[in-house]
Amino acid sequence: MVTKGNAFDPNCPTRTILDRIGDKWTVLVVLSLRSGPLRFTELRDRIGQVAPKVLTQTLRRMERDGLITREVYPEIPPKVVYTLTPMGASLIGPISVITDWAETHLPAITKAQAAYDGV
């Protein structure tokens, strides 16, 4: 059984998990699913400008990590619905705080970038 990780250990899988939950597509999927289950096209439309292949890869990784479930309904065409698991839902708070921080500080960051770039 794996015990608590150490993000400062270069060999610790915690770094892989941080990379995954820090990925912009994972963040946007979590925020999109916070209000309830969605189908693939609903997710894609809500997120915007994500290639279907990239979204599919993101959803598969999140399912493998236990952050979402994928439920297939035997219909024609097949209906597939994605839902946050309790562990995935536990990311809503931290991701919402970071997203709010990014949105709030966007003007200051844009200004700092322009000053740095000499624009």
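Residues numbered from 1 in each chain as written. Predicted model: local features only at pLDDT ≥ 70, side-chain atom pairs only at ≥ 80, totals over all residues. Heavy atoms only, no water.

Within an unreviewed UniProt entry, the label attached to the protein chain reads Transcriptional regulator, and the organism entered is Kribbella sindirgiensis.

**Side note on the overall build of the protein chain**
The helix and strand tally for the protein chain stands at 6 helices and 3 strands. Counting from the amino terminus, helix and strand elements in the protein chain follow one another as α-α-β-α-α-β-β-α-α. For 119 residues, the compact-globule estimate of 2.2 N^0.38 gives 14 Å, and the protein chain exceeds it by more than 25% at 17 Å. Oriented by its inertia axes, the alpha-carbon framework of the protein chain measures out at about 55 × 40 × 25 Å. Residues classed as buried in the protein chain amount to 25% of the 119 residues present. Pairs at least 24 apart in sequence give 42% of the contacts found in the protein chain among residues at least 6 apart. Just so you have it, the protein chain exposes about 8600 Å², and 59% of that area is on carbon and sulfur atoms. Distance between charge centroids for the protein chain: 3 Å, based on 15 positive and 12 negative side chains. (Helix = DSSP H or I, 4+ residues; strand = E, 2+ residues; numbered from the N terminus. Rg over C-alpha atoms; globule rule 2.2 N^0.38 Å. Buried < 20%, exposed > 50% of the residue type's maximum accessible area, 1.4 Å probe, protein only. Contact = heavy atoms within 4.5 Å. Areas by Shrake-Rupley, 256 points an atom, 1.4 Å probe, with all protein chains shown as cover. Lys, Arg positive; Asp, Glu negative; His and termini not counted. Charge placed at Lys NZ, Arg CZ, Asp CG, Glu CD.)

**Concerning the sheet that holds strand β2 (residues 68-73)**
The strands that make up a sheet are held in pairs by hydrogen bonds between backbone atoms, and each pair lies either parallel or antiparallel. The sheet built from 3 strands is open, its strands ordered β1-β3-β2 with antiparallel pairing. In this open sheet, the two edge strands, each paired with only one partner strand, are β1 (38-39) and β2. Pairing analysis gives 6 bridges linking β2 to strand β3 (residues 79-84), with the strands arranged antiparallel. What sits directly across from Glu71, in β3, is Val81. Helix α2 (residues 24-33) rests against β1, β2 and β3 of the sheet, and its axis sits at about 95° to β3. (Pairing = 2+ DSSP bridges. Axes fitted to C-alpha atoms, helices over the stretch in contact; angles between N-to-C directions.)

**Some points on the environment of Gly48**
Along the chain, Gly48 falls in the loop between α3 (40-47) and α4 (52-64). Taking C-alpha positions, Gly48 is 9.6 Å from Leu28, a pair spaced 20 residues apart along the chain.

**Comments concerning α4**
With 13 residues, α4 should cover 18 Å at 1.5 Å per step; its first-to-last C-alpha distance of 18 Å lies within 8% of that length. Turning to α4, its buried residues number three or more, namely Leu55, Thr58, Leu59 and Met62. All buried residues of α4 lie within an arc of 100° about the axis, which places them on one face of the element. For α4, the exposed residues lying more than 90 degrees away from the buried face are Lys53, Arg60 and Arg64. Tucked inside the fold, the buried residues of α4 contact α2, α3, β2 and β3. Backbone geometry just after α4 places Gly66 at a positive phi near 85°. (Expected span 1.5 Å × (residues − 1). Arc of directions from axis to C-beta.)

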